[in-house]
Structures are given as structure tokens and as C-alpha cells.
Amino acid sequence: MHRLLWIALKGLALLTLVFAVFVYAKNTWDSSFARAQSPPTGPLLKVDGVDVHAHIEGEGPTLIMLHGAGGNTRDFTYSLTKKLSDRYKIVAFDRPGHGHTGRIEDREKLGETPQEQADLLSKAADQLGLKDYLILGHSFGGAVTMAWAVEHPEQVRGLIMVAGVSNPWQGDLAQWYQTTNTWFGRNILIPTLSALATPARVNDTTNGIFEPDPVPEGYLDHVGVGLSKSKRTLQATTQQVNNLKPSVIELEPSYSALKLPIEIVHGTADITVPLDTHGRPLSQQASGAVLDILEGVGHMPHHAQEDRVIAAIDRAANRAGLR
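Cut-offs and rules
Residues numbered from 1 in each chain as written. Predicted model: local features only at pLDDT ≥ 70, side-chain atom pairs only at ≥ 80, totals over all residues. Heavy atoms only, no water. Salt bridge = Lys/Arg side-chain N within 4 Å of Asp/Glu carboxyl O. Helix = DSSP H or I, 4+ residues; strand = E, 2+ residues; numbered from the N terminus. Buried < 20%, exposed > 50% of the residue type's maximum accessible area, 1.4 Å probe, protein only. Pairing = 2+ DSSP bridges. Axes fitted to C-alpha atoms, helices over the stretch in contact; angles between N-to-C directions. Core = buried A, V, L, I, M, F, W, Y, C linked by side-chain atoms within 4.5 Å. Expected span 1.5 Å × (residues − 1). Bend = angle between axes of the 7 residues up to and from the residue.

Examining the pattern of salt bridges
Pairs may arise between side chains of opposite charge once their charged atoms sit close together.
Alright, step 1. Inspection of every chain in the model, using the stated rule, returns 12 salt bridges.
Alright, step 2. Across the pair Arg 319 and Glu 263 runs a salt bridge, and its minimum N-O distance is 2.8 Å. Of this pair, Arg 319 sits in helix H14 (residues 306-319) while Glu 263 is found in strand S7 (residues 262-267), placing the two residues 56 residues apart along the sequence.
Alright, step 3. Using a relative accessible area of 37% as the deciding quantity, one classes Arg 319 as partly exposed.
Alright, step 4. Taking the relative accessible area as the measure of exposure, Glu 263 reaches 1% and is therefore buried.
Alright, step 5. One salt-bridge network, in which partners are shared between bridges, spans Asp 48, Asp 119 and Lys 123.

Notes on the sheet that holds strand S6 (residues 156-162)
Alright, step 1. Reading across from one edge, S1-S2-S4-S3-S5-S6-S7-S8 is the order of the eight strands in this open sheet, with mixed pairing throughout. Among the strands making up the open sheet, the edge pair consists of strand S1 (44-47) and strand S8 (289-294). The mean angle between the axes of side-by-side strands here comes to 25°, regardless of whether they run parallel or antiparallel.
Alright, step 2. For S7 and S8, the ladder comprises six bridges, and the chain directions are parallel. Of the residues in S8, the one forming a bridge with His 266 is Ile 293.

A closer look at the nonpolar core
Alright, step 1. Val 52, Ile 64, Phe 93, Trp 148 and Ile 262 are the most contacted members of the largest nonpolar core, which has 44 residues in total.
Alright, step 2. The element best represented in this core is helix H4 (residues 140-151), accounting for seven residues.
Alright, step 3. Among the nonpolar cores identified, the runner-up in size contains 23 residues, and Phe 76, Val 162, Ile 310 and Leu 322 belong to it.

Comments concerning helix H6 (residues 183-196)
Alright, step 1. With 14 residues, H6 ought to run about 20 Å at 1.5 Å a step, and its terminal C-alpha atoms sit 19 Å apart, in line with that.
Alright, step 2. Largest kink in H6: about 35°, centred on Leu 189, with the proline Pro 191 one to four residues after it.
Alright, step 3. Every buried residue of H6 is accounted for by Gly 185, Arg 186, Ile 190, Pro 191, Thr 192, Ser 194 and Ala 195.

A look at the pairing of strand S4 (residues 89-93)
Alright, step 1. Of all five residues that make up S4, four are buried, and the element is covered over most of its length.
Alright, step 2. Where strand S2 (residues 50-57) and S4 come together, four bridges link them in antiparallel fashion. Note on S4: the bridge partner recorded for Ala 54 is Phe 93.
Alright, step 3. Relative to S4, strand S3 (residues 62-66) runs parallel, the two being bridged by five bridges. Pairing of Leu 63 across the sheet is with Ile 90, part of S4.

Purely geometric stuff here, so don't read any function into it on its own.
See below:
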């Protein structure tokens, strides 16, 4: 009996080892393939030892773009940048741990706060010689946008918040974020889910992000889903989201002191970053804020109602005296 138990335990250990090797190899292959399929579209800047990827196109007043959790610059280059590059110099950054931007040293197990991300990316903007710029932030990128305006206001002329995070919410994060913020989550669960993610699962997740609006045709091919579902990006996303609420609690009291144009575009059907928790309160906290409410629109207004977002960008530029 003991011999059979010993054989079973050895077999289980061998299967576990084989599976661990498979997960490691699959993640390594997927990461290399994703980077080859979706290479950088602009320079990799070295900022405080961190590679920061910047997509740059167009001419005119500078518009910096910051993507949401799990995204990258390709979310903007699918369509939006093409319609703006005739009158703006667009600089879209991959945030830390996303796309082709690295992680900030000593934050790889903790997660970079919006304030730390704004500090890194403002230095990248300085390195590019950018001045007097607008910043557009989508979703998590909205929190980085607010942190940038609060802590590095010297070159910021206006903000555009697109379904942007700005204020604390009631209750705790979803169980997914709590679980993946543990040692087991970071080192076992995320690598396993990344390795086993199927195209059907990726499609379902993307549809959930866009609901109730449709996913644009060809979006998944363009955006580089391999970058978004990589182990590194999933780890960075969950760690950063776990630091998000304390960060916006710290930022919120400073909004009333902001004296710059803020255009807010937010959908009523956004359940990821709800209008009544973020966009509407921000419109009352900052004197320069103007809220454009999109009836029935979800979490991706820059795709679902692209013209309304473009109009908000133009209004911010006009109000800032940049056009």
C-alpha cells in the first residue's frame, strides 16, 4: 500500500514538473511571438533605467495618450491617431509593464502607482523635448493623467478623460484582483492562465470590455492581443490595479486646485469605470471640467463614439489656446 502511494506521489510530482515546464515554455514562446508580431512603432527611450516605448506621429500641438489596463499604444493607433495626426503631434506611451515598456525597478512585485507612472512618463516627455501638451487618458490611464496634472503641472495645458478613473469607489476589488495579488496568483495562476488562454477566451474578454458596443472589425488583429495576455502584462495590470484606489484617494483632494481645461467623455453604460463614480464627480471637483455624457455607451468611447472624443480633444486644445 505504501509502495503504491509512493509511486502515485512520484507520478504526480512528475506530471506537475512537466506541466510547469510546459507553462514556462509556452509563455516564453508566446511573449517572443507577440513582440515579433506587434513590434514597437516608435523609439524605446531609456528613462531611469526603464525602456519606455513611444509611438509618435503627426504635426501640431502635442497630444500625449495613455492607454488603459492591459492595453498598449495600438488601442489608439487602430483608428483615432489617423484622424488626429493632421493637426496634432501625437505621442502615445506604453505604460510600465505594458506593450514594450519595462517595469520600474523595485515595483515589479508591488505594482507601479499612477503617481510613479506619471513621474516616469513625464521624464520621457522631457527627454523628447515636449512642452505645452494635452494629455488624454483612457480608463486606468485617466488616473495617470490626473496624477501627471497634479504632480507635474508645469507643461500640462489640458486634459481629456475618456472613461477615466479619477475617484475612489465603494467596496473592494473583484475577487480576481485580490487572488492574483498573492504569491500564488502572481507565480502560478497568472502564468497558467496566460499559457492556456484560447482565442475564444480572448474574444469573450474583449467583448466584455466593449459591451454594449461592438468590437470594431480587425481590432484584435491590430491591437496585438498577445502583448495584452502575456504573463508580464497580466502581472503588471493586477498589481497596478491593486494600488489604484489608495492612489486616487491621495489625488482627489488636489483636483479643486487644478486650473486647466478638462474635457470628460464618459458613457452611461460603462460598468468598468462607472460614470457616477468617476466622470460625474470629477466634473464637479475641478473648476475647468466639462462633462460630455454618452447615452448607452460603454467603456470604449474612443471606438464607439470616436467623433465625440475627437471633438473633446479639439475643445481642450481651443480652451488651452493651442489651436
